[in-house]
Each structure stands twice: as C-alpha cells, then as structure tokens.
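Spelled out from the first residue to the last, the chains are:
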Amino acid sequence: MAPAEPYAKPFEAVGETPVFAEERKGWKGYIEWERYPEKKKKAAAILAQYDFPVPPEFQLAPLPDTNPILEGVRWKYYHYALGSTLSELPHISWKYVLKEKSEDMIHVLQFPYNGEPPRKRLVETAITPNADHYVRNHGGIPEIDPEEYYFEVEGMVNEPKKITLRELQDESKFPRMSTTVTLQCSGTRRIEQINDYPGDGDELINAPWGEGAIGTARYVGVSLKKVIKYCGGLKEGAGNIEFFGADTYFKKGQVYNYAVSVPTRKMKINEVILAWEMNGEKLPAIHGAPLRTVVMGYIGARSTKWLTRINVIKDPSMAPVQMKEYLYYTPQIGKHNATYSNGFSIQTMPVSSAIMTPVDKDVVIHDGKIKMTGWAYSGSGWPERVEVSNDGGGVWYEVPYVQMSRKYFHAWRTWEFEVPVDAEGWLEFCVRCWDNALNTQPTFVRSAWNWDLHVTSSCHRIKIYSVNTSKPLTAKRLKMYEDRGVPFLPLTRPAPFDLETDEEYLEEMKRREGRDPIE
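Residues numbered from 1 in each chain as written. Predicted model: local features only at pLDDT ≥ 70, side-chain atom pairs only at ≥ 80, totals over all residues. Heavy atoms only, no water.

## Overview of the pattern of salt bridges
Next up, step 1: According to the stated counting rule, one finds 36 salt bridges in the structure shown.
Next up, step 2: Residue lysine 25 is joined to glutamate 148 by a salt bridge in which the shortest nitrogen-to-oxygen separation is 3.7 Å. Here lysine 25, found in the segment before strand S1 (27-28), pairs with glutamate 148, found in the loop between strand S5 (143-144) and strand S6 (150-155); they are 123 residues apart in sequence, far enough to count as distant.
Next up, step 3: For lysine 25, a relative accessible area of 65% gives the class exposed.
Next up, step 4: Judged by relative accessible area, which is 27%, glutamate 148 ranks as partly exposed.
Next up, step 5: We note a salt bridge from glutamate 34 to lysine 40, for which the minimum N-O separation is 3.2 Å.
Next up, step 6: Salt bridges sharing partners connect three or more residues here, namely Arg24, Glu32, Arg35, Glu152, Glu154 and Arg309. (Salt bridge = Lys/Arg side-chain N within 4 Å of Asp/Glu carboxyl O. Helix = DSSP H or I, 4+ residues; strand = E, 2+ residues; numbered from the N terminus. Buried < 20%, exposed > 50% of the residue type's maximum accessible area, 1.4 Å probe, protein only.)

## What to know about the sheet that holds strand S10 (residues 240-251)
Sheets are built from strands paired through backbone hydrogen bonds, the pairs being either parallel or antiparallel.
Next up, step 1: In space, the five strands of this open sheet follow the order S7-S6-S15-S10-S11, with mixed pairing throughout. Pairing within the sheet leaves two strands with one partner each, and these edge strands are strand S7 (161-164) and strand S11 (254-263). For this sheet, the mean angle separating the axes of adjacent strands, direction not counted, is 25°.
Next up, step 2: Examined bridge by bridge, S10 and strand S15 (residues 307-313) share six bridges and lie antiparallel to one another. Each bridged residue has a counterpart across the sheet, and for isoleucine 241 the counterpart in S15 is valine 312. (Pairing = 2+ DSSP bridges. Axes fitted to C-alpha atoms, helices over the stretch in contact; angles between N-to-C directions.)

## Things to note about the sheet that holds strand S4 (residues 135-136)
Next up, step 1: Taken together, three strands build an open sheet; the order of strands is S2-S3-S4 and the sheet is antiparallel. The sheet is open, and its two edges are formed by strand S2 (106-109) and S4, each paired on a single side.
Next up, step 2: Two elements, strand S3 (residues 114-116) and S4, share two bridges in a ladder whose sense is antiparallel. Note on S4: the bridge partner recorded for asparagine 114 is arginine 136.

## Regarding the UniProt feature "domain: Moybdenum cofactor oxidoreductase dimerisation" (unreviewed entry) in the chain
Next up, step 1: Here, UniProt's "domain: Moybdenum cofactor oxidoreductase dimerisation" (unreviewed entry) annotation points to residues 345-465.
Next up, step 2: With 3% helix and 45% strand, residues 345-465 has end C-alpha atoms that lie 39 Å from one another. (UniProt positions renumbered as here; feature names shortened; annotations may be inferred.)

## Points about the packing of aromatic side chains
Next up, step 1: Within the structure shown, the criterion is met by 20 aromatic pairs.
Next up, step 2: Between tryptophan 27 and tyrosine 149, the ring centres sit 5.4 Å apart and the planes meet at 15°, which makes this aromatic pair stacked. One end of the pair, tryptophan 27, is in strand S1; the other, tyrosine 149, is in the loop between S5 and S6, and 122 residues separate them in sequence.
Next up, step 3: According to the relative accessible area criterion, tryptophan 27 is buried, its value standing at 1%.
Next up, step 4: On the numbers, 6.5 Å between centres and 40° between planes, the contact of tyrosine 149 with phenylalanine 151 is tilted. Each of the two residues, tyrosine 149 as well as phenylalanine 151, counts as buried.
Next up, step 5: Through pairs of rings, three or more aromatic residues link up here, namely Tyr50, Phe52, Trp75, Tyr78, Tyr249, Phe250 and Tyr258.
Next up, step 6: Residue placement shows lysine 162 over the ring face of tyrosine 150; its charged tip is 4.6 Å from the ring centre.
Next up, step 7: Here the guanidinium or amino end of arginine 309 rests over the ring plane of phenylalanine 244, the centre of that ring lying 3.9 Å away. (Phe/Tyr/Trp six-rings, centres within 6.5 Å; stacked < 30°, edge-to-face > 60°. Lys NZ or Arg CZ within 6 Å of the ring centre and 35° of its normal.)

## Brief notes about the nonpolar core
Next up, step 1: Residues Leu82, Phe151, Leu168, Leu224, Val227 and Phe243 are the most contacted members of the largest nonpolar core, which totals 91 residues.
Next up, step 2: Excluding residues within four positions of it along the chain, valine 227 makes contact with Phe151, Val153, Ile163, Leu168, Phe174, Val222 and Leu274.
Next up, step 3: By size, the runner-up hydrophobic cluster in this structure holds 20 residues, among which are Trp415, Leu427, Cys433 and Ile462. (Core = buried A, V, L, I, M, F, W, Y, C linked by side-chain atoms within 4.5 Å. Contact = heavy atoms within 4.5 Å.)

## Description of unusual backbone geometry
Next up, step 1: Residues phenylalanine 111 and proline 112 are joined by a peptide bond in cis, for which omega reads -15°.
Next up, step 2: Relative to the helices and strands, proline 112 is located in the loop between S2 and S3.
Next up, step 3: Geometrically, the link from alanine 289 to proline 290 is a cis peptide bond, its omega value of 10° lying close to zero.
Next up, step 4: When you line up the elements, proline 290 lands in the loop between strand S13 (281-282) and strand S14 (292-295).
Next up, step 5: Even without glycine at this site, asparagine 279 takes up a positive phi of about 55°.
Next up, step 6: Along the polypeptide, asparagine 279 turns up in the loop between strand S12 (272-278) and S13.

Structural data, given as structure tokens:
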C-alpha cells in the first residue's frame, strides 16, 4: 500500500488571499519570478520573517527506516510561507505521486518529490514504464491546462515568438521527432559516497539516492533545432540556450524559477527535444506536462519540466541551479574551501553501471553460479561492454552481448549474467562498463568522491554471502536445516541444533591428529 501522507501545515500563511498572483490563465501554482525583481525582493523579505528548521542530519546519523525516507520539511515551509498560491503545492504534488507512480516506489524525498523504483523491476525491461521511471523534482508540480499552454522563445534569436502546444504539434510547421533516451540524476548511487565519506548535507540537493535514479523512455516531440529555425535562427555570438520551468525554486533565502542552460552545439546536433509524449502516453504531470525539454546524454537536471521560456544567451546561465549547484569538486575541496568557481559544471554524464540484483548483504544459495542483473550507461556514447568481477576487481568476466539489451545512441543497456562463483562466505562483486570510446569507470568510491556527492561513477560494489551447494559439506548442512524444518535465514541467527554429533566430532578429530601435536 502507498504510505499515508505526512502533510500538515506548521503555520498559517501570510494571508488567505494569494500574496503572489498566478501568472497565466489555466496555470495553477505558477508564479513568474525572473521578470519581476521587486516581486523576488518581496518574497525574500517574507521568507526572512521565519526561522526555518535547519537541514536534517542524515549522513552522520542513521537514515530513517520510513518511506518517505526524508520529508522535506523546510521546502514545505518555504511554500507555506509565500501564501495560498504556493501553499497547496506540497499536497497537490503528493497526490500526483500517488496517482502517477507505482505504489512501491522508494520515496527518497517527499517534497520536492524524489523517488526511484524497486531495483529488481527497474531492469526487467529495457524501456522503463512511466510509473516506474525515477523522478527528481526541484519544486512543486504546477497544474497546467494544455489548451492554455504556450512557451516563449527570446533572447539572441532573430524572430522571438510565443508558441502554443497546439502550434508545436502542427506537423506542417514542425516535423516530429521520436527518440529513446536515458535520463540519469547525478545523484544516482549517492548512498555509496554518503556511507564512506559524507559531504554537503542539504536534504534536497543530496538526498540519499540508491541505484534507481535512472530511467529510459521513448519521447515524442520536436527537435529544438526546428524551433530555433522557426524563430529565424541564432544571432551572432549566441552560445547557450537557457530553459525556464514553471516550478518555484528556493536557494539561501531567495526565490527563483527553475532555470538551466545547455550549449547551442547541443541543439545544433539535434540532441535537445521538446517532448509532450512519454512511452506512447501523454507526458505525466510529475514528469513535466504539458511540455518538457529532454537533453540527450546530459545530467537529468538540464531536462527542464513545465517549460515556460527558452532564452538564447551568450554565456551559460547564471541561475543558481546552473551556476551554484551540480558542481564537481576535487577530493581536496570541501566545506572549508568550496566556491562556485572551483568546481566544474556537470553536463555530459560519465560511464556508469550498477548491479540491481542481488542487493548488498544478500545471502545467495547457488550451485556454482550467481545470476546478476543490472544496467550500464554512458552519456557520451553507448555501452559497448559490461564486465562483472566476483573478487572485488581482480578477475573480470565479460557479459555476453546476447545478454544485453539493444544499443541506442542515447540510452542505457540492461544486462544479466550468471557469474561463476566457487568461493563461499562474504564476497565482493563489482561491475564496470566500457563505452564505445573505451571510457570506463574508476575502481573505488574514493576515486570519485566529491564534496557535493554528485556522480558516483566508480565501479558499483556489493557484498554477498555465498552458499555454494556444490560443496558436499554445504549441501549436508542445508539438508540438516531442511530435515528439521528450520529456516536457514537470517544468516546471523545461530543454528538451533548441534553442528555435529559427538561421534562425528571424535572421528574427525582423530583424522586431524587431535588439537595438539603428540610430540
């Protein structure tokens, strides 16, 4: 069953009537901030009146054994504080989670919603069902009437325009594009960094993602290149394209509309699509309906949801998500010396992979082979080879290509493989991917650790307790459990019977020449 909603307003908003009016007819929950500096200033003054709770500690303390894991209390408070236009968004957003996502989703952060599917199911199909596709939202979910929807194209284009969804879907003006794309959050597998080396602890930026913050879908829409051409093309000097979303975003007491940018070269090679369809269905509200951007090969944060505006500019966006977040630092950078300029901006996703089954700390009873499943991805190419190790990285076995899903230019490959395993007890397994340009993964988490805990691109490692029934003594022991009707698991529970009879003990000790030498 889906969890009950932990939803309660901690205080009354500034008034019952909206403090900030909704910007457009048919757009519930959208406030335009970027065009109105005075409005942003007023919002900051309201936020300054409140003593919001500090971020929860979830790295140097145990994670809650709950679902949602983290609630996002501060982010709810921010929305409540700005009045009735935004105060219902935590409630509305959670309703969409329950409506559009699978019941057994792992709710990493309740608001803004961050969620991933159960690991096993994620790789059962090469195309991720919409209900199982991960979600990483940065604000509440606005409700937008498709009939009232439009977006603007402005800045360094020769003919700025306002384009409705109906117009964008007119194939006489805009040829449609369909492509299979993997989107990956840069926080995928962050829990590995947190467990070994904690870092920046913001509950939104660094939510404790597992291996499921990745998904693959077939999108239908229009190439951004066609839209820019429709707007007369680029002006000289245009170097970047900025995307604005309808969601409200908060950063250090200030309020913004979500905004990011990509280089114009990404548009020119048809690697940015404006999409309204996902896996043969209308784009779900939680994924950005009526229209979102899908940027192929880039960090998921660049694929803006609830698109409101496209602004062509010279340099990368100065918006906080682009300038101040999703930065990759060296291991020498941390709270003591981090600046926005000494980390580089994450754009193209590196080679990565994960073992999805079994999971860490599983006990696997087998006859000499352990079946594993997983995914592999590269933002700058495609996975060409996947290798699995049963000894922590000394010996590697190639996954046969027939046991990998088909290749796409901009998508992952799922895989399965029966790994030869002779040894018993605790073993460390790991996986690595090679892409078409021979890029592969760092060996250990430490190699890829960074203060903002982004891009855990090291070889994914799990520890498994191996029980090999091809070993006579192991088979005998399991038969003892079976004959007595006693479960073998959990592993840490002592056996409720003697491990051998006195007679067996004496016979064996005789063969071993006793505990001590005779002379």
